Amino acid sequence: MSLPEIVSREQWRAAREELLAKEKALTHARDALNAERRRLPMLAVDKEYVFEGGDGKATLPDLFEGRLQLVVYHFMFAPEWDAGCRSCSGFLDQIGHLAHLKARGTTFAAVSRAPYTKILPFKARMGWTLPWYSSYGSDFNRDFDVILEHEGEPVERPGVSCFLRDGERVFHTYSTYERGLDGLGSTTSLLDLTALGRQEEWEEPEGRASVLGVPAGSERIRYHDEYEE
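We now turn to the structure provided with this report.

## Remarks on the pairing of strand E5 (residues 106–112)
Looking along a regular strand, one sees side chains alternate from face to face of the sheet.
Next up, step 1: In terms of residue burial, E5 counts as a mostly covered element, since seven of its seven residues are buried.
Next up, step 2: What you see with E5 is no split at all: Thr106, Phe108, Ala110 and Ser112 on one side and Thr107, Ala109 and Val111 on the other are buried throughout.
Next up, step 3: As paired elements, strand E4 (residues 69–74) and E5 share six bridges and run parallel to each other. Its bridge partner being in E5, leucine 70 is matched across the sheet by threonine 107.

Rendered as structure tokens:
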């Protein structure tokens, strides 16, 4: 096994400071990229989709659960499979408590093509409580580019899609796939993909931190059992 070089404390500190400068530059570049993402135009979703979840049939607006934003994880689970994708399962395992997303007006849900009768027992096996819906029989996965054609057969890929709601109107604001999912899973990493972002005062463009009418991002953090809907 190849291990890092062994150096003195002074050498380590110098190397760490050099790397820290690069890390700070990357953080500033990421902030600028996130701001550019929030400036993306959005696309109206006029097509009607029907899902099935724990409470029966649901439309895309229903998946928001009354909140302004929706982050969908496109979980690879084809109708003919008996269990969900292992990599997708690893992704859901790292999703934290959803109360912190909800406090920022954002709902997280997984969607798969498998019938709900297959999703339910697998969800129980994994011990997950997050919302998970079946899009079986609909064009949802294909329309949001997580179904690709290979030699005439549908091939699944993982992805995340973000939506914004204005009344009953739904807008698609962003999607990313495969390597674009690297590093996602925390509350802030998911919020960074959305049109409203972390809703912090320092974020660009201005005017989105107070969209929920409550204190901005970090001032809103509570213990997860202290939030009020």
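## Brief notes about the environment of asparagine 34
Next up, step 1: You can see asparagine 34 is positioned in helix H1 (residues 9–38).
Next up, step 2: Among the residues examined, asparagine 34 registers a relative accessible area of 6% and is labelled buried.
Next up, step 3: Within the structure, the side chain of asparagine 34 is placed 2.6 Å from the side chain of arginine 37, a separation counted as a polar contact.
Next up, step 4: Within the structure, asparagine 34 has its side chain in polar contact with the side chain of aspartate 192 (distance 3.4 Å).

## Focus on the layout of surface pockets
Next up, step 1: Of the volumes computed, that of the second largest pocket is approximately 300 Å³.
Next up, step 2: Among the elements that make up the lining of the second largest pocket, the one with the highest residue count is H1 (six residues).
Next up, step 3: Looking at the lining of the second largest pocket residue by residue, the class counts come to six nonpolar, six polar and five charged.

## Some details on the environment of glycine 185
Next up, step 1: Mapping glycine 185 onto the fold places it in the loop between strand E10 (169–177) and helix H7 (187–191).
Next up, step 2: When its relative accessible area of 6% is taken as the criterion, glycine 185 is described as buried.
Next up, step 3: Sequence separation between glycine 185 and phenylalanine 91 is 94 residues, and the spatial gap between their C-alpha atoms is 7.0 Å.

## Points about the side chain of histidine 100
Next up, step 1: Note that histidine 100 resides in helix H4 (residues 99–102).
Next up, step 2: Of note is the side chain of histidine 100, whose polar atom sits 2.9 Å from the side chain of tyrosine 227.
Next up, step 3: Other than its neighbours up to four places away in sequence, histidine 100 contacts Thr187, Arg222, His224 and Tyr227.

## Some words on the pattern of salt bridges
Next up, step 1: One pass over the structure, following the stated rule, counts 12 salt bridges.
Next up, step 2: Notably, a salt bridge pairs aspartate 139 with lysine 47, separated by 3.1 Å at the nearest N-O pair. In this pair, aspartate 139 sits in the loop between strand E6 (132–134) and helix H6 (140–143) while lysine 47 sits in the loop between strand E1 (43–44) and strand E2 (50–53), placing the two residues 92 residues apart along the sequence.
Next up, step 3: On the accessibility criterion, aspartate 139 (38% relative accessible area) is partly exposed.
Next up, step 4: Since its relative accessible area comes to 43%, lysine 47 is described here as partly exposed.
Next up, step 5: In this structure, lysine 47 engages aspartate 143 in a salt bridge whose closest nitrogen and oxygen atoms are separated by 2.9 Å. In this pair, lysine 47 sits in the loop between E1 and E2 while aspartate 143 sits in helix H6, placing the two residues 96 residues apart along the sequence.
Next up, step 6: A cluster of three or more residues bridged by salt bridges with shared partners is formed by Lys47, Asp139 and Asp143.

Criteria and thresholds
- Residues numbered from 1 in each chain as written.
- Predicted model: local features only at pLDDT ≥ 70, side-chain atom pairs only at ≥ 80, totals over all residues.
- Heavy atoms only, no water.
- Buried < 20%, exposed > 50% of the residue type's maximum accessible area, 1.4 Å probe, protein only.
- Helix = DSSP H or I, 4+ residues; strand = E, 2+ residues; numbered from the N terminus.
- Pairing = 2+ DSSP bridges.
- Polar contact = N/O pair within 3.5 Å; in protein donor to acceptor, adjacent residues only side chain to side chain.
- 1 Å grid on protein atoms, 1.4 Å probe; cavity = no way out; pocket = protein on both sides within 12 Å on 5 of 7 lines; lining within 4 Å.
- Points joined across faces, edges and corners; volume = space filled by probe spheres on them.
- Nonpolar A, V, L, I, M, F, W, Y, C, P; charged D, E, K, R; others polar.
- Contact = heavy atoms within 4.5 Å.
- Salt bridge = Lys/Arg side-chain N within 4 Å of Asp/Glu carboxyl O.

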